[in-house]
Each structure stands twice: as structure tokens, then as C-alpha cells.
Amino acid sequence: MQEMSLLSDLLEAGYQVSPQAAELITSHNNPRALINHILASVDDSVFVIDVEDIDFTGFEEVKEAEIPCKQEPVPNTTSANPISVLCDITDCSTCVGEYMEFVQYFRNRYSRLSEMIRGRVNSRPMESLKGKRRVPGDEISIIGMVSEIKNTSNGHRLVRFEDPTGSFQVLFSMNDKDIYEQSNKLVLDDVVGVSGNLTNDGKLLIAKKLVFPDLPNMGLSKTGSQGKALFISDVHIGSNTFLQEQWDDFMTFVKRESENPELNKIAQQLRYIVVAGDIVDGVGIYPGQEEELTIPDIYDQYEEIAHYFNQIPSDITVVIGPGNHDAVRQAEPQPTFPERIRKMFDPRIKFVGNPAMVDLDGVLVLMYHGRSIDDFVASIQGISYSEPEKAMLEMVKRRHLSPTYGSRVSIAPEKTDHFVIDHIPDILHCGHVHTVGVQQYRGTLLINSGTWQDQTEFQKRVNVVPEPARVPVVDLATLQPTMLQF
């Protein structure tokens, strides 16, 4: 009944709709806008609207539909630092774990990411390839979600892709070195475009081109803002490896009490502090953790970190999101901290979920704790914990923060995929892996901000060497970063 209601405008206009087109339309994250676009653009000769009759070129989604959960700008009455929360799961979660939520989750992801690719790939539905024979010189393009990756006995890579109409296998030949190397970056549940030629029997597509959603090719530009923002994460207060002396030096700097005049000059320009999760070490996060805690009670840990954040000068706006060590649900996307914890902090401190997109006086910052970096390190050759910015680069190329479902990251199947990067951020800020990385890519600054915790026993076992007490500071006018060492 809901499908018929959505499609009623097309039916009343005298069109019939194929089952494949109906599924594509109703699974779109903004079906009403798509239907209006179809009515305005469909050829007059069409009687039955099929997938191939839906022209995505030039179609732009209504901005409110692109934002999974939009909040009004939050007035900041204690300083001159405006902040708006644009995307945040807090108070917007719909997940109860039903089967259809998984279907809607992946349909929503496919719809939004495939639309980003359509301007560069003249794709056709996979259902239309069944039974089709190879035509010399005829290049075929599809947009699909990766459902299976395996290697053939001859060393080629065979990838199965799915779209709303069906599935099809694509061969990445090791004889074509460039495309084969590109296919090394594919992970399960990626949404990409592929172009190539069919085999003679029509059962395989031999890949010649691979297209990720990616960011548009733009350079860093001046924002019109001013002052500086600093980025930290993974404080882990409560742990016996928390670096108290270095943290005290950092707090002295933030309070503009440093004996170093250069640090005080930077501190005078500070307007924002952005914190990407794990502000405490938590309780029960891993076996034997209680033996490594100096503060064994979770609420005492938050009281302690609140004591520090409440000392930050009132003309500096603090934005805090959660991580996997914090007292929120473990499944991502994570809502913000519960009221019992938030009320420990000064009311001027702003709490958001994970991930969250915030507007800091015209500078868009996408905050994500970064747990999916574990998946990228495990899945893609050349990605390591020592260079976390490389994993973050894979996120923005995919326009997705955590593509693989069911791996190391526990993901709640919300009806809307909150990990899709609809709006291009000026800054992507992550943490989680306790190492520092900074890189600029196509107008977006990628920052992983390290930690305030020394190497733990677990990190020793997995050979992760943290880079603690390093703080990236960004000029909000130019988006140029500098690194401070405490």
C-alpha cells in the first residue's frame, strides 16, 4: 500500500511502472522528489517507466532529504563562536532490529551513493545484462554494491556486484595491471561504478574502469572565518596509562597560562576545541581492564574529565562526541552522552553523536571516532595504524565512513545510512587508533588527532605504537594545520 501511495502521481499521470523501477523509486531516500523529476523529464513516448527511463543526470536531492537528521542552529550565548549541528543520530534513531530495516539501510546507501556516480557513469540495471551477448566495441557500465570478492585459479579477481534489479559478476584481470591494482582497494558493501566489455557468452563483465563516488576535485580555499580550532581525541582519563603531566601542560596552554609566548599567542586565537570520542577509558571495554584503571567507577571518570573541560575559558567553544570507550551504545551510529553525564559539564559545552557534522562559523567539520579504521587496516593492503590518514582517505573516496557491514564495527541498521558523506566537509576529524595523521585531499583536510594515553598492554600485543600528546591546530581562515607537541 505504501508503494502504491508513493507511485500514485505516476499512475495518475497515465504511466505504468515496472517492478524494478518501482523498487528503485520507493527505496530512494527522497522518492517524492525523484517522482517529480521523472514526471518532468520522462520522454513523451514512454508508457511503462522502467529503470532505464529514469534520468538521474542533473537530479539534485532536496537538501533536507540529504541530511539524515537535521537540527536547528544551536545559539551560543556564552561566546561569539556560532555552532550548528547539521547531522547527528541523537534523538533520531529508528532501529529496532527488524529484517526490513536492514533492507532499507542498504537501499538507502545504494540510492545515495549511486547518484553521486551517475554523472560519470552511464549505467544500466544489471537485470538488463542477463542473456545479453557481447557486441564488439560496446562498453557496458553498471553501478553496484560489492557482495562478494574472490580470486580465480588463474589469479584474476572476481567480484559480484548487486543493484536493486539483480546481480552480476565482474572480472578484474591481472593482465590489466592498473584496473587490477584498483580492485585491490574494494571492500565488501562498497558502492562503485564499473565499465567494461561483456564476454562472448555474456556471463561476465571484463572491467576496464572503476569509479568511486569520491570528492569533487577542489583545492583548499579561504572560508571567511577566523581564529583557530584544535582537535583532540582519546583522552582515556581513568586509565593507568593516562599521561597526566602532558595533559596538565595542555590544559595550561588552553587556559592561556603557558610560559611559552608562542603557545600563548596561539591560545589567544583559539575559538573551538573539537573532541572525537573516548574522553574516558570506560569500564568493561576489554577483559582485564579493571586491573589497568586508576578510577574504577565510570561516573567518577566523567566527573574527573568534566573538571578539566569546565576550566576551559568561556570564549572557547568545546564540541564533544562519543567513542567506543564511552558510556553510550556500542553500535554505531552512536547518540550523544546521556543526561546524567552531560549535566556534569558546563552548559556551554556542546555534545553530539558519532558521527556528526557540525558547522563552526562556516567551517564544516565531520566528526567520526574512527572505529572503521580497523576494518580498512584489515581489508586493504598498504593501510596501517601508523598512517591513519590513509584509511581516512579511503573513507572520503567512498563518500562513506564505514562501508563494510558485519566486520569489526557494530552497525545499527537505521533506515537512513548515517555514514554516507552527503555534504563535503572542510575537515574530517577522527581518532580511535592513537596515532596522528594529517592530509589534504581535494579541498578536505583529514585529521587523526592521536591520544593522551601511553601504550597499553593490548597495544603492545598487537604492535600499535601510539603518538600521544600531539595536537593538530587549524587556522579556520585558510584550513592550514600546524602540530603542537606537549
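(A) Here's a closer look at the confidence of the model for the protein chain. Mean pLDDT for the protein chain: 88, with 91% of residues reaching 70 or above. Averaged pLDDT values for the elements of the protein chain fall to 40 in helix 4 (residues 63-66) and rise to 98 in strand 15 (residues 427-430). pLDDT under 50 marks residues 60-67. Its contacts with residues more than four places away, or in other chains, come to 19 contacts. Every residue in residues 72-78 scores below 50 in pLDDT, and together they form 11 contacts with partners more than four places removed in sequence or on other chains.

(B) Geometry of the layout of surface pockets. As a volume, the largest pocket reaches approximately 670 Å³. Forming the walls of the largest pocket are 24 residues, and the residues nearest its centre are Asn324, His325, His432, Phe458 and Gln459. A per-element tally of the lining of the largest pocket places helix 13 (residues 457-461) first, with four residues. Its residues placed into classes, the lining of the largest pocket shows eight nonpolar, eight polar and eight charged.

(C) Expanded view of the nonpolar core. With 41 residues, the main nonpolar core has Ile232, Trp247, Phe250, Phe253, Phe309 and Phe345 as its most contacted residues. The set of elements that each furnish at least two residues to this core consists of strand 9 (228-232), helix 7 (244-254), helix 8 (261-268), strand 10 (270-276), helix 9 (298-309), strand 11 (317-321) and strand 18 (470-475). The element best represented in this core is helix 9, accounting for six residues. Of all hydrophobic cores here, the second largest spans 28 residues; its members include Val187, Met357, Ile380 and Val409.

(D) Geometry of the pairing of strand 15. In strand 15, alternate side chains face the same way, and those of Ile427 and His429 on one face and Leu428 and Cys430 on the other are all buried. As judged from the three bridges shared by strand 14 (residues 363-367) and strand 15, these two strands associate in the parallel manner. When the sheet's bridge partners are listed, valine 365 is paired in strand 15 with isoleucine 427.

Rules of the game
Residues numbered from 1 in each chain as written. Predicted model: local features only at pLDDT ≥ 70, side-chain atom pairs only at ≥ 80, totals over all residues. Heavy atoms only, no water. pLDDT = per-residue confidence, 0-100. Helix = DSSP H or I, 4+ residues; strand = E, 2+ residues; numbered from the N terminus. Contact = heavy atoms within 4.5 Å. 1 Å grid on protein atoms, 1.4 Å probe; cavity = no way out; pocket = protein on both sides within 12 Å on 5 of 7 lines; lining within 4 Å. Points joined across faces, edges and corners; volume = space filled by probe spheres on them. Nonpolar A, V, L, I, M, F, W, Y, C, P; charged D, E, K, R; others polar. Core = buried A, V, L, I, M, F, W, Y, C linked by side-chain atoms within 4.5 Å. Buried < 20%, exposed > 50% of the residue type's maximum accessible area, 1.4 Å probe, protein only. Pairing = 2+ DSSP bridges.

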